[in-house]
Amino acid sequence: MSSPDSAPANLKQSRLRLGPLGEALLFMILVAIAIWISLTVIYSLSNRAMEGEIKAGLSRQVSVVARMLDGELGDLHRQFTPEKLALAPDSLPRLAAIKFSRENAAAVYTGWTARLAQDNELREWRDSMLASPAYTDWAGRMERVRLAAQDTRYAYTNVRIGERIYFGANMTLQGDVDGDGKIDDAPSLLCPYPDHEAALIKALDTKTTQVTPHPYTDIWGTYYGGYAPFYDSAGNVVGTVGMDLELSSFKARMLPITRAVYISMGVGLALALFCGALVYFSRVRIARITYQLEVDRLLLANANAEIKDLNQQLKGENIRMGAELDVTRRLQMLTLPKEEELRDAADQLQIAAIVKPANEVGGDYYDVIRDKNNVRIAIGDVTGHGLESGMVMLMAQTAMRTLIDAGIKEPTAVLPAVNRTLYRQIARIGCDRNMTLALIDYHNGQVTVCGQHEELIVVRANGEVERVDTCALGFYVGMIEHIDDMVATAELQLQPGDLLVLYTDGIPEAAAPDGSLYGLDRLCNIVRDARTQSAQQIKDLVISDVESYIGTQTIFDDITLVICKRIEA
């Protein structure tokens, strides 16, 4: 490829609007955003699924505990009223002065502790209730449920007195509520619950199990709360069972998912960097290739212009060479034996022959020469096509006839002499051609074969087929200067009705449209089946079958066929 320095002066290297680095950064940011959004959605869906699972579990747990309190234990909670406690309306002065709200929860609990210290009747009732077997059994069950429930921090009951919510039982209510630095004695009965959730009130009002939609925070921490109503033996709602799930347990369950998301984000960032680098180097390479292609396009355009000029110059040359090839092809056809020569070649032998040339000038050669009582048949095939192959064929024919006319009769002498002549002429021309060449001498039924060519086919009158291999009878003519030691002969007899078939490789190598070859076996079968007909008829049948087999395919090699049939004298 050309270098940019050799490009035309008017060519400027094209640049991308953002440049390779800008495209890489943009692609990296888009990939990172896509990964971040995907992981955020996955984390959000996982968080919602986990939250839903926890809420459903908490709802089932608090509902089961509420059913445990129905009936007898529900009746016990009916005692948690001002009337049952015989409290005077003015016995809660400290509580009345305090706003009953979440913000003042610590003051409410401190006021309640002070009231317990001042109200002996209330304190005695509380202590007796706490010591009673029924309450102890009930509170024990609550505590066991709390401990058994996974991740549940608090389990308690609530009752509503007037517009305010109080604890019925709260076995885990411990901590420094009043802020004095000491663990308070946790009041378990009728302790005010100013910072309760709206879900608790909804559970009382609708008589259904409720779970806080989101974590809530009070003075003891942040939790998910579940509330279920429970009933007395008369079927009236007494209060609610409350169970609190600490948020830290929820976060602990989400920790593996959170870690996986963080790891995925790290991997995604690395992937985004890798994709950005890949885009950068790809765009740089594409920009270079695009520039080089533009250079090559302009250079090719210049070359095409030059080629167009050369084509104009060659057009006349091609016309001249086409005329020369046509002359050569016509010379080849003119030098072939005429039909009357074949008919008069021998009294006991019918000879029919044909040459079907391919599109180009070929190198197929055959000749029939009558020498007194003998008939000499030559057949050969020059390698390649074109003018050089046609010239070698004509030289071979000329040399053959010259030697026979000069009185050289023996095939083992004729072939070496033809070989030497061709070898020297080919070397003089400077072409790379050679040919197969076989000589067949016939005299009164005796056949002598000399030289290397395709197999000879002998079809006996009874239908028996013989194939004579000629590889050991000679060597390629024109390839080396001396082949005297390589030439040998083979003898065979032709009886009346016997056939001798000579051909070039254009017949067995003829290709059908699907690429399959005609083959030598098919040729043998056609000739055997038609052996009772004349040589001319057999020749026509073979050529017709080959053409039918080829179909519309182009003939790529010359087709030459010679049929010799011995008849009665």
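Please read all numbers here as calculations on a predicted model, not as lab measurements.

**Q** When you look at the sheet that holds strand E11 (residues 435-443) in this model, what are you seeing that I'm missing?
**A** Two orientations exist for strands paired in a sheet by backbone hydrogen bonds: parallel and antiparallel. Taken together, five strands build an open sheet; the order of strands is E9-E10-E11-E12-E15 and the sheet is antiparallel. One side of each edge strand has no neighbouring strand; the edge strands of this open sheet are strand E9 (364-371) and strand E15 (489-493). Across the sheet, the mean angle separating the axes of adjacent strands is 15° when strand polarity is ignored. Both strand E12 (residues 446-450) and E15 contribute to a ladder of five bridges, which runs antiparallel. The residue bridging Val447 from the neighbouring strand is Leu492, located in E15. Together, E9, strand E10 (374-382) and E11 form the strand contacts of helix H11 (residues 387-405), whose direction differs from that of E9 by roughly 15°. The strands that helix H12 (residues 411-429) touches are E11, E12 and E15; relative to E11, the one it contacts most, it runs at about 155°.

**Q** Please explain the side chain of Asp505 as it appears in this structure.
**A** Summarising the element assignment, Asp505 is placed in the loop between strand E16 (499-503) and helix H13 (520-529). Buried Asp505, no salt bridge; nearest opposite-charge side chain is Arg433, N-O distance 13 Å. The residues contacting Asp505, other than those within four sequence positions of it, are Asp381, Glu454 and Asp557.

**Q** Explain unusual backbone geometry here, please?
**A** Trans peptide bonds make up the majority, and among non-glycine residues the majority have a negative phi. Positive phi, normally seen in glycine, also occurs at Lys207, with a value near 60°. Checked against the element boundaries, Lys207 lands in the loop between helix H8 (198-206) and strand E4 (210-211). Exposure remark for Lys207: the relative accessible area of 49% places this residue in the partly exposed category. Look at Asn444: it is not a glycine, yet its phi comes out positive at around 50°. For Asn444, the location among the structural elements is in the loop between E11 and E12.

**Q** Explanation requested: a nonpolar patch on the surface in the structure shown.
**A** Where nonpolar side chains cluster on the molecular surface, the patch consists of Ile29, Ile33, Trp36, Ile37, Val41 and Leu45 and spans about 580 Å² of accessible area. Judged by its relative accessible area of 43%, Val41 falls in the partly exposed class.

**Q** Is there a simple way to explain the pattern of salt bridges in this structure?
**A** Between side chains of opposite charge, a pair can form as their charged atoms come close. Enumeration according to the criterion identifies 15 salt bridges in this entry. The salt bridge partner of Arg401 is Asp367, with a shortest N-O separation of 2.8 Å. With Arg401 in helix H11 and Asp367 in strand E9, this pair connects stretches of sequence that are 34 residues apart. Taking relative accessible area as the criterion, Asp367 reaches 0% and is therefore assigned buried. Taken together, the shared-partner salt bridges connect Glu455, Arg467 and Asp521 into one network.

**Q** Looking at this structure, I do not really get the packing of H11 against H12. What am I missing?
**A** Two packed helices can be described by the angle between their axes and the distance between those axes. Where H11 meets H12, the axes come as close as 10 Å, and the angle between the chain directions of the two elements is 145°. Pair H11 / H12 crosses with right-handed handedness. Contacts between H11 and H12 pair Met391, Val392, Met395, Ala396, Ala399, Met400 and Leu403 from the former with Val414, Ala417, Val418, Thr421, Leu422, Gln425, Ile426 and Ile429 from the latter. Here the contact of H11 with H12 is built from residues that sort into 13 nonpolar, two polar and no charged.

**Q** How should I be thinking about the pairing of strand E13 (residues 456-459) in this particular structure?
**A** Where a strand is regular, its side chains alternate between the two sheet faces. A two-sided burial pattern is seen for E13, the buried positions comprising Leu456 and Val458 on one face and Ile457 and Val459 on the other. Connecting E13 to the next strand, strand E14 (residues 465-468), in antiparallel fashion are five residues, including Gly463 with a positive phi near 95°. Note that E13 and E16 share three bridges and pair antiparallel. Counterpart to Val459 in the pairing with E16 is Leu499.

**Q** Is there a simple way to think about helix H14 (residues 535-550) in this case?
**A** For an α-helix, the turn length of 3.6 residues means that residues three or four places apart are oriented alike. Here H14 is 16 residues long and its end C-alpha atoms lie 23 Å apart, about the 22 Å a rise of 1.5 Å per residue gives. Where H14 ends, the next residue or the one after it, Gly551, has phi of about 70°, a positive value.

**Q** Even after reading the chapter, I still don't get the nonpolar core, so can you show me in this structure?
**A** For soluble globular proteins, nonpolar side chains are generally found buried alongside one another. The biggest cluster of nonpolar side chains holds 54 residues, and the ones touching the most others in it are Ile351, Tyr366, Met400, Val418, Met435, Ile440 and Leu500. Here the element with the most residues in this core is H11; it accounts for nine residues. If sequence neighbours within four positions are ignored, Met435 has contacts with Tyr365, Gly380, Asp381, Val382, Val392, Ala396, Leu422, Tyr476 and Val477.

**Q** Honestly, the side chain of His453 in this entry has me stumped. Any pointers?
**A** Among the structural elements, His453 can be located in the loop between E12 and E13. Separated by 2.8 Å, the side chains of His453 and Thr436 make a polar contact. Apart from the residues lying within four places of it in its own chain, the contact partners of His453 are Ile379, Gly380, Asp381, Thr436, Ala438, Thr470, Tyr503 and Thr504.

**Q** Before we go on, may I ask you to explain the confidence of the model for the protein chain in this structure?
**A** Any residue range with low pLDDT should be treated as having predicted coordinates unsuitable for detailed reading. This prediction gives the protein chain a mean pLDDT of 78; 79% of its residues lie at or above 70. pLDDT under 50 marks residues 1-16. Its contacts with residues more than four places away, or in other chains, come to 21 contacts. The low-confidence segment residues 84-98, where pLDDT is below 50, has 24 contacts with residues more than four positions distant or belonging to other chains.

What counts, and at which threshold
Residues numbered from 1 in each chain as written. Predicted model: local features only at pLDDT ≥ 70, side-chain atom pairs only at ≥ 80, totals over all residues. Heavy atoms only, no water. Pairing = 2+ DSSP bridges. Helix = DSSP H or I, 4+ residues; strand = E, 2+ residues; numbered from the N terminus. Axes fitted to C-alpha atoms, helices over the stretch in contact; angles between N-to-C directions. Contact = heavy atoms within 4.5 Å. Buried < 20%, exposed > 50% of the residue type's maximum accessible area, 1.4 Å probe, protein only. Lys, Arg positive; Asp, Glu negative; His and termini not counted. Salt bridge = Lys/Arg side-chain N within 4 Å of Asp/Glu carboxyl O. Patch = residues over 30% accessible without salt bridge, like charges linked within 9 Å, V, L, I, M, F, W, Y side chains within 5 Å. Areas by Shrake-Rupley, 256 points an atom, 1.4 Å probe, with all protein chains shown as cover. Left-handed = near helix turned anticlockwise from the far one by under 90°. Nonpolar A, V, L, I, M, F, W, Y, C, P; charged D, E, K, R; others polar. Expected span 1.5 Å × (residues − 1). Core = buried A, V, L, I, M, F, W, Y, C linked by side-chain atoms within 4.5 Å. Polar contact = N/O pair within 3.5 Å; in protein donor to acceptor, adjacent residues only side chain to side chain. pLDDT = per-residue confidence, 0-100.

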